[in-house]
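As a plain string of letters, each chain reads:
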Amino acid sequence: NSQNLTDEAMSYYQKAVEIDPTYARGHTNLGNMHKRMARIQEAIACYRKALEVDPNYAWGHFDFGSTLDGAGRLEEAMEHYRQFHEVDPNNLYITNILRADMVRQGRGEEALAEWQSQLQADPSEHDTYFGYAEMCLFLGKMEQYREGREHLLRRFGQSSDANLCEKVSRACLLAEGTKQE
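Procedures and definitions
- Residues numbered from 1 in each chain as written.
- Predicted model: local features only at pLDDT ≥ 70, side-chain atom pairs only at ≥ 80, totals over all residues.
- Heavy atoms only, no water.
- Core = buried A, V, L, I, M, F, W, Y, C linked by side-chain atoms within 4.5 Å.
- Buried < 20%, exposed > 50% of the residue type's maximum accessible area, 1.4 Å probe, protein only.
- Helix = DSSP H or I, 4+ residues; strand = E, 2+ residues; numbered from the N terminus.
- Contact = heavy atoms within 4.5 Å.
- Phe/Tyr/Trp six-rings, centres within 6.5 Å; stacked < 30°, edge-to-face > 60°.
- Lys NZ or Arg CZ within 6 Å of the ring centre and 35° of its normal.
- Arc of directions from axis to C-beta.
- Polar contact = N/O pair within 3.5 Å; in protein donor to acceptor, adjacent residues only side chain to side chain.

Colleague: Would you mind going over the nonpolar core with me for this structure?
Modeller: Nonpolar side chains in soluble globular proteins tend to be buried together. Tyr-132, Leu-152, Phe-156 and Val-168 are the most contacted members of the largest nonpolar core, which totals 18 residues. Looking at this core, the elements with two or more residues in it are α7 (108-119), α8 (132-138), α9 (142-156) and α10 (162-172). Those residues within four positions of Val-168 in sequence are excluded, and the remaining contacts are His-126, Leu-152, Leu-153 and Phe-156. Residues Ala-43, Leu-51, Phe-62 and Ile-94 belong to the second largest nonpolar core, which totals 15 residues.

Colleague: Which parts of the structure should I look at to understand the packing of aromatic side chains?
Modeller: Aromatic rings in a pair are described by how distant their centres are and how their planes are angled relative to each other. Scanning all chains against the criterion turns up 8 aromatic pairs. A centroid spacing of 6.0 Å and a plane angle of 50 degrees characterise the contact between Phe-62 and Tyr-81, whose relative ring orientation is tilted. On the criterion of sequence distance, the pair formed by Phe-62 in helix α4 (residues 58-70) and Tyr-81 in helix α5 (residues 74-87) is long-range, its members being 19 residues apart. Overall, Tyr-81 belongs to the buried group, its relative accessible area being 4%. Geometrically, the ring pair formed by Tyr-129 and Phe-156 is edge-to-face, given 5.7 Å between the ring centres and 70 degrees between the ring planes. Taken together, the positions of Tyr-129 in the loop between α7 and α8 and Phe-156 in helix α9 put the pair 27 residues apart, joining distant regions of the chain. According to the relative accessible area criterion, Tyr-129 is buried, its value standing at 5%. Ring pairs connect the aromatic residues Trp-59, Phe-62, Tyr-81, Phe-84 and Tyr-93, which therefore count as one cluster. Cation over ring: Arg-99 sits above Trp-115, and NZ or CZ is 3.7 Å from the ring centre. The ring centre of Phe-130 lies 4.9 Å from the NZ or CZ of Lys-167, which sits over that ring.

Colleague: Before we go on, may I ask you to explain α10 in this structure?
Modeller: Within an α-helix, residues lying three or four positions from one another point in the same direction, as the helix has 3.6 residues per turn. For α10, the full list of buried residues reads Leu-164, Lys-167, Val-168, Ala-171 and Cys-172. End-on view of α10: buried residues confined to an arc of 130 degrees, all on one side of the axis. Each element contacted by the buried residues of α10 is listed here: α8 and α9. Where α10 begins, one side-chain oxygen reaches toward the backbone nitrogen of Asn-163, 2.9 Å away; that side chain belongs to Asp-161.

Rendered as structure tokens:
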């Protein structure tokens, strides 16, 4: 049964951090197990220990931030997401969390400007563009939305990847397009 597996996993993680108290990943994994069991305070203590032994352990910051976010402690969570981003600035998932937070704080224009400067390098992967057109539209930047949509269609419109086509289509269908589009 799953409870036996959870208990066994907890036992292994506890043993791992007993053997090596400086094993940040072990403390984080132990915290994740506590989180799954709805023991939020115990999870937080484990994440704190993980980051005490390795302040640059990005996934410790991510899991701590996620747990704090789930507990309604958004400002604290965002601090851990920012620290994750300092360690791994190329993680687009975290970048998008930080952008969304900037919008929440009323700093959407700033977030959009930063994103635009990153896109000037014309990256080849879609994930870098994912959400850009939508943010332009959300912020009322219709011309920038249209330009972003046109770029998506030029860059990715001929793809045969169903997942990619779905993302591009959704971004393009949020506002009326031209006949050519």
